[in-house]
Amino acid sequence: MAQVRVTVDGVNYADDVEPRTLLVHYLRERLGKTGTLVGCDTSNCGACTVHLNGQSVKSCSVLAVQADGAEVTTIEGIARDGKLHPVQEAFNEKHALQCGYCTPGMIMQAIDLLGDNPDPDEHEVREGIEGNLCRCTGYQNIVRAVQSAAQKMKPGAHAQTDAPVSVAGGGN
C-alpha cells in the first residue's frame, strides 16, 4: 500500500491505495466521484477526463499515487453554489449530448480548451476535443456549446471566481 494525499473538488483526502490503482478507480470507488466515467480503460475515449493541477488528463492513464499532493477537479466539482459552470449550461442549452456518457469528460476537456483558447473557431474546438469521443452525435452541437460557453466566459470574466474551500478530513 502507498499513502496518497490529494485534494479533490476542494476536499483534502489521505488514503492508502494499491500502487497500481488508477486515478479513475480511486475517484469512483474510494471517493464516490461517479461522474468520472470509465469508457474504455485505454485512454482512447476521454470519458474519464478530469483536471489534475488545472490541466485535463484522462484519469484512466494516471495512477492514484501520481496524483499525490495534487489538486483534482471532477465534473462534480465545477458547479459553484448550486449554479452550473458556463460549459455545463451551454451543453444543456445547445443540446450537446444524447446518451450523456461522454459528456462529463467532454465538458472537462472543453473547460481546459477554453482556458488555453478563450475564443476558439470551429476548427480549433474540434481539434481541442479530438481526444474525447462521442458515439452518439456528429459533434456539431458540442462545437456550438463550446463556442457558446466561450462567449459567456469572455476574457476577464472567470467561470470559477472562487477557489474551492479545503475541508479537513476525507477518505480513510
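Residues numbered from 1 in each chain as written. Predicted model: local features only at pLDDT ≥ 70, side-chain atom pairs only at ≥ 80, totals over all residues. Heavy atoms only, no water.

### Thoughts on the nonpolar core
At step 1: Counting residues in each nonpolar core, the largest one holds 24 residues, and the members touching the most others are Val-87, Phe-91, Met-106, Ile-107, Leu-114, Ile-142 and Val-146.
At step 2: When residues in this core are grouped by element, the largest group, 7 residues, is from helix 3 (residues 103–116).
At step 3: Non-local contacts of Ile-107, meaning those with residues more than four positions away in its chain, are made with Ile-75, Ile-78, Val-87, Gln-88 and Phe-91. (Core = buried A, V, L, I, M, F, W, Y, C linked by side-chain atoms within 4.5 Å. Buried < 20%, exposed > 50% of the residue type's maximum accessible area, 1.4 Å probe, protein only. Helix = DSSP H or I, 4+ residues; strand = E, 2+ residues; numbered from the N terminus. Contact = heavy atoms within 4.5 Å.)

### Examining the sheet that holds strand 1 (residues 2–8)
Backbone-to-backbone hydrogen bonds pair the strands of a sheet. The strands run either parallel or antiparallel.
At step 1: Read across the open sheet, the 5 strands follow the order 2-1-5-3-4; overall the sheet is mixed. Every other strand in the sheet has two partners, leaving strand 2 (11–17) and strand 4 (55–58) as the edge strands with one partner each. The sheet shows a mean angle of 40° between the axes of neighbouring strands, direction not considered.
At step 2: Alignment of strand 1 against strand 5 (residues 71–73), held across 2 bridges, turns out to be parallel. When the bridges of strand 5 are listed, Val-8 appears paired with Val-72.
At step 3: Contacting strand 1, strand 2, strand 3 (49–52) and strand 5, helix 1 (residues 23–30) crosses the sheet at an angle of about 110° to strand 2.
At step 4: The strands that helix 3 touches are strand 3, strand 4 and strand 5; relative to strand 3, the one it contacts most, it runs at about 40°. (Pairing = 2+ DSSP bridges. Axes fitted to C-alpha atoms, helices over the stretch in contact; angles between N-to-C directions.)

### Focus on the packing of helix 2 (residues 86–93) against helix 3
At step 1: The contact between helix 2 and helix 3 brings their axes to 9 Å, and the two run at 125°. Between helix 2 and helix 3, the angle is such that the two are oblique. By crossing handedness, the relation of helix 2 to helix 3 is classed as right-handed. Along its contact with helix 2, which presents Val-87, Gln-88 and Phe-91, the element helix 3 presents Thr-103, Met-106, Ile-107, Ala-110, Ile-111 and Leu-114.
At step 2: Along the lines of polarity and charge, the residues of the contact of helix 2 with helix 3 split into 7 nonpolar, 2 polar and no charged. (Parallel < 35°, antiparallel > 145°, perpendicular 65-115°, else oblique. Left-handed = near helix turned anticlockwise from the far one by under 90°. Nonpolar A, V, L, I, M, F, W, Y, C, P; charged D, E, K, R; others polar.)

### Thoughts on the packing of helix 2 against helix 5 (residues 140–152)
At step 1: Orientation of helix 2 relative to helix 5, taken along the N-to-C sense of each, is 135°, at an axis distance of 8 Å. Classified by the angle their axes make, helix 2 and helix 5 are oblique. As helix 2 packs across helix 5, the resulting crossing turns out to be right-handed. Contact with helix 2, carried on its side by Pro-86, Val-87, Glu-89, Ala-90, Phe-91 and Glu-93, involves Ile-142, Ala-145, Val-146, Ser-148, Ala-149 and Lys-152 of helix 5 and no other residues of that element.

### As for the pairing of strand 1
At step 1: With 7 bridges connecting them, strand 1 and strand 2 associate as antiparallel partners. Within the sheet, the bridge partner assigned to Val-4 lies in strand 2 and is Asp-15.
At step 2: Hairpin connection, strand 1 to strand 2: the antiparallel pair is bridged by 2 residues, and Asp-9 has positive phi, about 50°.

### Some remarks on the environment of Gly-35
At step 1: Inspection of the secondary structure puts Gly-35 in the loop between helix 1 and strand 3.
At step 2: When the C-alpha atoms of Gly-35 and Cys-48 are compared, they prove to be 8.5 Å apart, with 13 residues separating the residues in sequence.
At step 3: Beyond its immediate chain neighbours, meaning those up to four positions away, Gly-35 contacts Ile-75, Glu-76 and Pro-104.

### Quick word on helix 3
At step 1: Here helix 3 is 14 residues long and its end C-alpha atoms lie 20 Å apart, about the 20 Å a rise of 1.5 Å per residue gives.
At step 2: Counted residue by residue, helix 3 has 12 buried out of 14 residues, so it is predominantly covered.
At step 3: Where helix 3 is concerned, the buried positions are Thr-103, Pro-104, Gly-105, Met-106, Ile-107, Met-108, Gln-109, Ala-110, Ile-111, Asp-112, Leu-113 and Leu-114. (Expected span 1.5 Å × (residues − 1).)

### Points about the pattern of salt bridges
Where charged atoms from two side chains of opposite charge approach closely, those side chains can pair.
At step 1: Enumeration over the complete set of coordinates arrives at 6 salt bridges.
At step 2: Among the salt bridges present, the one from Lys-83 reaches Glu-89, with a minimum N-O distance of 2.8 Å.
At step 3: Several salt bridges share partner residues, and in doing so they unite Lys-83, Glu-89, Glu-93 and Lys-152 into one network. (Salt bridge = Lys/Arg side-chain N within 4 Å of Asp/Glu carboxyl O.)

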